[in-house]
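Examining the three-dimensional arrangement
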2 protein chains.
Amino acid sequence: MTKPPSLQDVARAAGLSPATVSRFLNGSLHLPPETAERINSAIATLNYRPNPHARSLSRGRSDTIGLVVPDVANPFFARLAAAVEHHAGQAGLGLMLCSSVNRQTRELDYIERLRRNHVDGLLFTTNHQDEHQALRRAIDANRNIVVMDEDVEGTSVPKVFSDNLLGGRLAARHFLAAGHRRLAYVGGPRNIMTSRERARGFSEEAVTRGGEIVTELFGHYTMDYGRAAMEMLIDAYPEVTAVFIGADQVMYGMAQVAKERGKRLGADLSIIAYDDVGPLSLLDPPVTAIHQPVEDIGRIGFELLMARMAGDMSTPVIRLPVTLVERSSVRSL
Amino acid sequence: MTKPPSLQDVARAAGLSPATVSRFLNGSLHLPPETAERINSAIATLNYRPNPHARSLSRGRSDTIGLVVPDVANPFFARLAAAVEHHAGQAGLGLMLCSSVNRQTRELDYIERLRRNHVDGLLFTTNHQDEHQALRRAIDANRNIVVMDEDVEGTSVPKVFSDNLLGGRLAARHFLAAGHRRLAYVGGPRNIMTSRERARGFSEEAVTRGGEIVTELFGHYTMDYGRAAMEMLIDAYPEVTAVFIGADQVMYGMAQVAKERGKRLGADLSIIAYDDVGPLSLLDPPVTAIHQPVEDIGRIGFELLMARMAGDMSTPVIRLPVTLVERSSVRSL
DNA sequence: ATGAAAGCGCTAACAC
DNA sequence: GTGTTAGCGCTTTCAT
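Calculation notes
- Residues numbered from 1 in each chain as written.
- Chains lettered and ligands numbered in written order.
- Predicted model: local features only at pLDDT ≥ 70, side-chain atom pairs only at ≥ 80, totals over all residues.
- Heavy atoms only, no water.
- Helix = DSSP H or I, 4+ residues; strand = E, 2+ residues; numbered from the N terminus.
- Rg over C-alpha atoms; globule rule 2.2 N^0.38 Å.
- Buried < 20%, exposed > 50% of the residue type's maximum accessible area, 1.4 Å probe, protein only.
- Contact = heavy atoms within 4.5 Å.
- Areas by Shrake-Rupley, 256 points an atom, 1.4 Å probe, with all protein chains shown as cover.
- Lys, Arg positive; Asp, Glu negative; His and termini not counted.
- Charge placed at Lys NZ, Arg CZ, Asp CG, Glu CD.
- Pairing = 2+ DSSP bridges.
- Axes fitted to C-alpha atoms, helices over the stretch in contact; angles between N-to-C directions.
- Least-squares fit on C-alpha atoms with pLDDT ≥ 70 in both.
- Near = heavy atom within 4 Å.
- Nonpolar A, V, L, I, M, F, W, Y, C, P; charged D, E, K, R; others polar.
- Buried area = accessible area lost by both parts, 1.4 Å probe.
- Salt bridge = Lys/Arg side-chain N within 4 Å of Asp/Glu carboxyl O.
- Polar contact = N/O pair within 3.5 Å; in protein donor to acceptor, adjacent residues only side chain to side chain.
- Parallel < 35°, antiparallel > 145°, perpendicular 65-115°, else oblique.
- Left-handed = near helix turned anticlockwise from the far one by under 90°.

Turning our attention to the overall build of chain A. In terms of regular secondary structure, chain A is built from 12 helices and 12 strands. Relative to the 2.2 N^0.38 estimate, which gives 20 Å for 333 residues, the radius of gyration of chain A is 26 Å and therefore markedly larger than a compact globule would have. Overall size of chain A, expressed as C-alpha extent along the three principal axes, is 85 × 40 × 35 Å. Across the 333 residues of chain A, 56% fall into the buried class. Long-range pairs, those at least 24 residues apart, make up 72% of the contacts in chain A with a sequence separation of at least 6. When the accessible surface of chain A is split by element, carbon and sulfur atoms take 50% of a total near 13,600 Å². Taken as two groups, the 37 positive and 38 negative side-chain charges of chain A have centres that lie 4 Å from each other.

This is the structure in structure tokens:
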């Protein structure tokens, strides 16, 4: 187990200085073919590999970005991660992944990595309220960070969201057009942007068109909360005929309980879910949904981060349109 | 924009040597409270942050591991990634994610990062045949690598798989017990381990019990291939009454086509899928499946990697048992 | 065009 | 216990 060869060794073997070899390898120098060949063969015979840490230390950056998501196992964030990874790979950047499980310490940890220049930039996604404004402060203390999907309120960084208000409106319009009047909303935490906006778009549009919001249930973007919400809906609000659900995951939980309790979605209770990531067309019944352009969110988030890293200090807030995909979970009354 | 403080600066401010401060910060030294306090307050007033690249360069490792998967957007790999990330986080390790899209250059790139010590270890997952044995060679040229889920044949590294043979047998037994005799298999590439083993376990058990394998369709672990396979099945093998499907994704494609062509799964054609990641209980019909312990695969893969990195050069091959989860996609004849 | 040399910030032998 | 010192391997002024 001998020490691996360094740039020095290559330079020596090629009869050149390390500086020249370094420049050549980084493309900042064009050498006569003969010299280039000497270097290349030295590299080949020594089996030389550049050391990325030395490079990072010297240059002060790592050609790596970070992505924090609440949970990669959630299909929405999995697809977001795939999109980001794809673009990072194209740009020659590595991707560090942090699945925060919504624990603020994990999130802050990761932002700290950015401060230490462990990563050159950070794509940030969260799912819960920013307790004590700790996230806001941490995020604002950094340059190269962009927020996706869910807001961290008060921060001034580039952001990309889907148009939650529009999504809510589309859902309301669809229900009303099908003759529903007594509606409910089931979503994530009351005090986070996505949940609030989805509820607001829904209720404003519904009321405008003569509908009534019987109840708004705020909880978490989880299957478990979906289960709880469905129990409550069945027990406490039997008059509701249609529910707008803030996320696929929540809908899954609700569908389970509906099944267990013999309530037929579509026939007995109409639903529309927000996200439209899983295979909603194959469910029983196929679920009508507000489709989020998750790949676009990832791509644009990445582009915003690149712009930041290139020195653009503007703080655009981009809202991507959503569409309603009609399937069979809304019954006409 | 002044230069950030270094360990040197902290040491100076605390009236100590950098070595002492370094040792103190790394916990390899216990200082009298008074001295410790001097250091801590110096750190606080200077707002000092250690530089991870300098640390990595100096120590020759990065406290980061890599994970390569064919596609994080695929729920199976998403959950695998979540499991790995969880354990890496617990162990204080960062996680670099590579979604290879099954492109061998991406896979090799990532193995190369391991060689350069960019990451200290690598968890490797692939989905396609190892063309020209390039993967085998690259993997065998490294120490700290473990293979999960799908084999890279010929490599001598720790591995963790699910028990594909068992899965095939369970599926066959279930079909036969329900009275099915004319069976088919639809799976991934013909020449990769998971696909071969699932097919083999299925056909051996089926034949033993008096069943007949009408056809085996090998393709890819994708929805698109599922669609193609279902077309073929309907058109060319109408006598088949039950199909064992090598992956959730493939099943989704088949279910779409079944729906389009008016073939009712369960009633007209019984199916069992391998994986059981998505919400199979909510599909129409709920799909009976061979359940893969994906979180365990991730955890054990991680543990094997830790053992390797700690110097254990054994090469265990672990096969995790699978179970059949009965739902309603198999009809009794 | 090419080389010499000074870092980048930290860790770890080795010494006191 | 604490400090001195020599790297870790690369990049990049600054000379030549």
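Additional details are given in the paragraphs that follow.
The next subject is the sheet that holds strand 7 (residues 212–218) of chain A. All names here are of chain A. Across the sheet, six strands lie side by side as 7-6-8-9-10-12; this open sheet has mixed pairing. One side of each edge strand has no neighbouring strand; the edge strands of this open sheet are strand 7 and strand 12 (323–325). Averaged over all adjacent pairs, the angle separating strand axes in this sheet is 20°, with direction ignored. Examined bridge by bridge, strand 8 (residues 242–245) and strand 9 (residues 270–275) share four bridges and lie parallel to one another. Its bridge partner lying in strand 9, Ala242 is registered against Ser270. Its contacts with the sheet place helix 8 (residues 164–177) against strand 6 (182–187), strand 8, strand 9, strand 10 (289–291) and strand 12, and it is angled at close to 165° to strand 9. This element, helix 9 (residues 193–208), spans strand 6, strand 7, strand 8 and strand 9 of the sheet and lies at about 170° to strand 6.

Here we come to the relation of the copies chain A and chain B. Note on the identical chains: chain A maps onto chain B by a rotation of 180° and an axial translation of 0.1 Å, with an RMSD of 0.1 Å. The superposition of one copy onto the other is thereby described by a two-fold rotation axis. Of all interface residues in chain A, 100% are interface residues in chain B too; the two copies therefore contact each other through one and the same surface.

Here we take up the protein's contact with DNA strand C. Residues and elements named next belong to chain B. Near DNA strand C, the surroundings consist of 24 residues, among which Leu7, Ser22, Tyr48, Arg55 and Ser58 are the closest. Put simply, 67% of the atoms of DNA strand C that lie within 4 Å of the protein are in sugar or phosphate. The greatest single-element share of the surface near DNA strand C, amounting to four residues, is contributed by helix 4 (residues 52–59). Class assignment of the residues belonging to the surface near DNA strand C gives a composition of nine nonpolar, nine polar and six charged.

At the interface, 43 residues of chain A touch 43 residues of chain B. Among the residues of chain A in contact with chain B, A:Arg49, A:His53 and A:Leu282 are the three that bury the most area, contributing 18% of the side total. Counting the contacts that link chain A with chain B gives four salt bridges. Between chain A and chain B we count 14 residue pairs in polar contact (both at pLDDT 80 or more) in total. Put simply, the parts of the chain that give the side of chain A that touches chain B at least two residues each are helix 4 (52–59), helix 5 (75–90), strand 2 (94–99), helix 6 (104–115) and helix 11 (248–260) of chain A. Take the side of chain A that touches chain B: its biggest share by element is six residues, from strand 2 of chain A. In terms of residue class, the side of chain A that touches chain B is made up of 19 nonpolar, 13 polar and 11 charged.

Let us look at the environment of A:Ser314. Residues and elements named next belong to chain A. Checked against the element boundaries, Ser314 lands in the loop between helix 12 (294–309) and strand 11 (317–320). Once residues within four sequence positions are removed from consideration, Ser314 is found in contact with Pro158 and Arg308. A distance of 2.8 Å separates a polar atom in the side chain of Ser314 from a polar atom in the side chain of Asp312.

Here we take up the side chain of B:Glu197. Within the secondary structure, B:Glu197 sits in helix 9 (residues 193–208). Those residues within four positions of B:Glu197 in sequence are excluded, and the remaining contacts are B:Asn164, B:Leu165 and B:Arg319.

What follows covers the protein's contact with DNA strand D. With respect to spatial proximity, 24 residues lie near DNA strand D, and among them A:Leu7, A:Ser22, A:Tyr48, A:Arg55 and A:Ser58 are the closest. Counting only the atoms of DNA strand D that lie within 4 Å of the protein, the sugar and phosphate share comes to 63%. At a separation of 3.3 Å, a base nitrogen of DNA strand D approaches a polar side-chain atom of B:Ser58. No other element matches the four residues that helix 4 of chain A contributes to the surface near DNA strand D.

With that settled, the discussion passes to the sheet that holds strand 6 (residues 182–187) of chain B. Residue and element names in this part refer to chain B. Taken in spatial order, the six strands make up an open sheet running 7-6-8-9-10-12, and their pairing is mixed. Across the chains shown, the open sheet's two edge strands, defined by having one partner strand only, are strand 7 (212–218) and strand 12 (323–325). The mean inter-strand angle of the sheet, taken between neighbouring strand axes irrespective of direction, is 20°. Pairing geometry for strand 6 and strand 7, over six bridges, is parallel.

Let's shift gears to the packing of helix 5 (residues 75–90) of chain B against helix 12 (residues 294–309) of chain B. How two helices sit against one another is set out by the angle between their axes and by the gap between those axes. Residues and elements named next belong to chain B. In contact at an axis separation of 8 Å, helix 5 and helix 12 are set at 45° when each is read in the N-to-C sense. By the angle between their directions, the pair helix 5 and helix 12 is classed as oblique. In this structure, helix 5 crosses over helix 12, and the sense of that crossing is right-handed. For the pair formed by helix 5 and helix 12, the contact residues are Phe76, Arg79, Leu80, Ala83, Val84, His87 and Ala88 on the first element and Val294, Glu295, Ile297, Gly298, Arg299 and Phe302 on the second. Per-class residue counts for the contact of helix 5 with helix 12 are eight nonpolar, two polar and three charged.

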